[in-house]
Amino acid sequence: MSGSTADTRAAMGHEPTPDRPQAHRTRPAPAHRTLPAPAGRATFRHSLHAEWIKIRTMRSTGYVILGTLAFCTGLASLNGTSAGGDYATMTAADRAAFDPLATSLRGYLLAQIALGLLGGLVITSEYGARTIVSTLTAVPHRARVLAAKATVLIAVALPVGLVVSLSGFLVGQAALAGADAPHLGLSDPQALRGILGGGLYLTLAALFGLAIGAVIRSTTATVTTLFGAMLIVQAFAPALPGAFGDRVAKYWPPIAGGQIITGHRDPALLAPWSGLAVMAGCVGALLTAAFIVFRRRDA
């Protein structure tokens, strides 16, 4: 029977299969794969890195920094030479009010606009190019985006502000010394306060611009607001009538904050650090408003 079965299989073309035990085969365990992080899980560190790349590759960043440094240094030299030359012909009252610190750091008036513009461009440039949509798609946590922008802006504006203040001080004091006018050295307490405070004030000016830009979302309107708030009000404050003008001259944040770079104490105005605190409080309030608006308004 078995022989006939074998012959039948051979006739049908089937090869006889030898009996052998089935070996138990084990498949190798699949390699562990790291799944990509789900969308919307970008951390604050990722946001910082992205914002640093943006501000570093923005062409206006280099122009603003170099232009501000060159202008403030040149203005310090001109102011020091002019004021030093006029000192010999000043009256006794003018000599008593002579302020070598403010003479050399007067360039902060333009520097505050320049760094405020840089702060505004950090966010208005994204609205203009509509890249804010992709930014918020990658990082839906809007407060994290704005906080990263503010942190990176501080990391740029503070060193720039300190360098601008230091270079203006050194050049201006050298010009005053060359004209045999009163001047200060780096070891003078007023000098250290002016340089450090000037850097802090310019950093606050940059954050002021960021807050305005986040609320307005327009570069042109941000620049207009910066000029109005930081220059025009300061220029016309002495012409305002009565007690209203006195209050504006004393408490308007850019005017109060600017007292940090003065050496001559005006009793009608705030003390240097008190004035800087007023400026810091104003910037803090504007940033709070910017965070609220940025979170609630559509891109």
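Here is what the cut-offs are and how they apply
Residues numbered from 1 in each chain as written. Predicted model: local features only at pLDDT ≥ 70, side-chain atom pairs only at ≥ 80, totals over all residues. Heavy atoms only, no water. Helix = DSSP H or I, 4+ residues; strand = E, 2+ residues; numbered from the N terminus. Expected span 1.5 Å × (residues − 1). Buried < 20%, exposed > 50% of the residue type's maximum accessible area, 1.4 Å probe, protein only. Polar contact = N/O pair within 3.5 Å; in protein donor to acceptor, adjacent residues only side chain to side chain. Phe/Tyr/Trp six-rings, centres within 6.5 Å; stacked < 30°, edge-to-face > 60°. Lys NZ or Arg CZ within 6 Å of the ring centre and 35° of its normal. Core = buried A, V, L, I, M, F, W, Y, C linked by side-chain atoms within 4.5 Å. Contact = heavy atoms within 4.5 Å. Salt bridge = Lys/Arg side-chain N within 4 Å of Asp/Glu carboxyl O.

Caption draft 1: Local environment of helix 9 (residues 189-216). Its 28 residues give helix 9 an end-to-end C-alpha distance of 40 Å, which sits within 8% of 40 Å, the value for a rise of 1.5 Å per residue. Counting buried positions over the 28 residues of helix 9 gives 21, a clear majority of the element. With a side-chain oxygen positioned 2.9 Å from the backbone nitrogen of Q190, the residue opening helix 9 is D188. The positive-phi residue at the C-terminal boundary of helix 9 is R217, with phi of around 70°.

Caption draft 2: Inspection of the packing of aromatic side chains at higher detail. Under the definition given, this model contains two aromatic pairs. Both rings, one in Y108 and one in Y201, keep their centres 5.6 Å apart while their planes meet at 80°; by these two values the pair is edge-to-face. Taken together, the positions of Y108 in helix 6 (residues 108-129) and Y201 in helix 9 put the pair 93 residues apart, joining distant regions of the chain. Neither residue differs from the other here; Y108 and Y201 are each classed as buried. Lying across the ring of Y87, R95 places its NZ or CZ 4.7 Å from the centre. Taking the ring centre of F294 as reference, the NZ or CZ of R142 above it sits at 6.0 Å.

Caption draft 3: Representation of the nonpolar core within the structure. In this structure, L153, L210 and F294 are the most contacted members of the largest nonpolar core, which totals 56 residues. Among the elements of the structure, helix 3 (59-87), helix 5 (100-104), helix 6, helix 7 (132-138), helix 8 (142-178), helix 9, helix 10 (219-236) and helix 13 (272-296) are those that each provide at least two residues to this core. If sequence neighbours within four positions are ignored, F294 has contacts with I123, Y127, I132, L136, R142, V145 and L146. A83, Y87, F98 and L176 belong to the second-largest nonpolar core, a separate cluster that totals five residues.

Caption draft 4: Quick peek at the pattern of salt bridges. A complete count under the given rule lists four salt bridges for this structure. Residue E126 is joined to K149 by a salt bridge in which the shortest nitrogen-to-oxygen separation is 2.3 Å. Here E126, found in helix 6, pairs with K149, found in helix 8; they are 23 residues apart in sequence, far enough to count as distant. Here the two residues E126 and K149 agree in accessibility, since each one is buried. Among the charged side chains, a salt-bridge network with shared partners connects E51, K54, E126 and K149.

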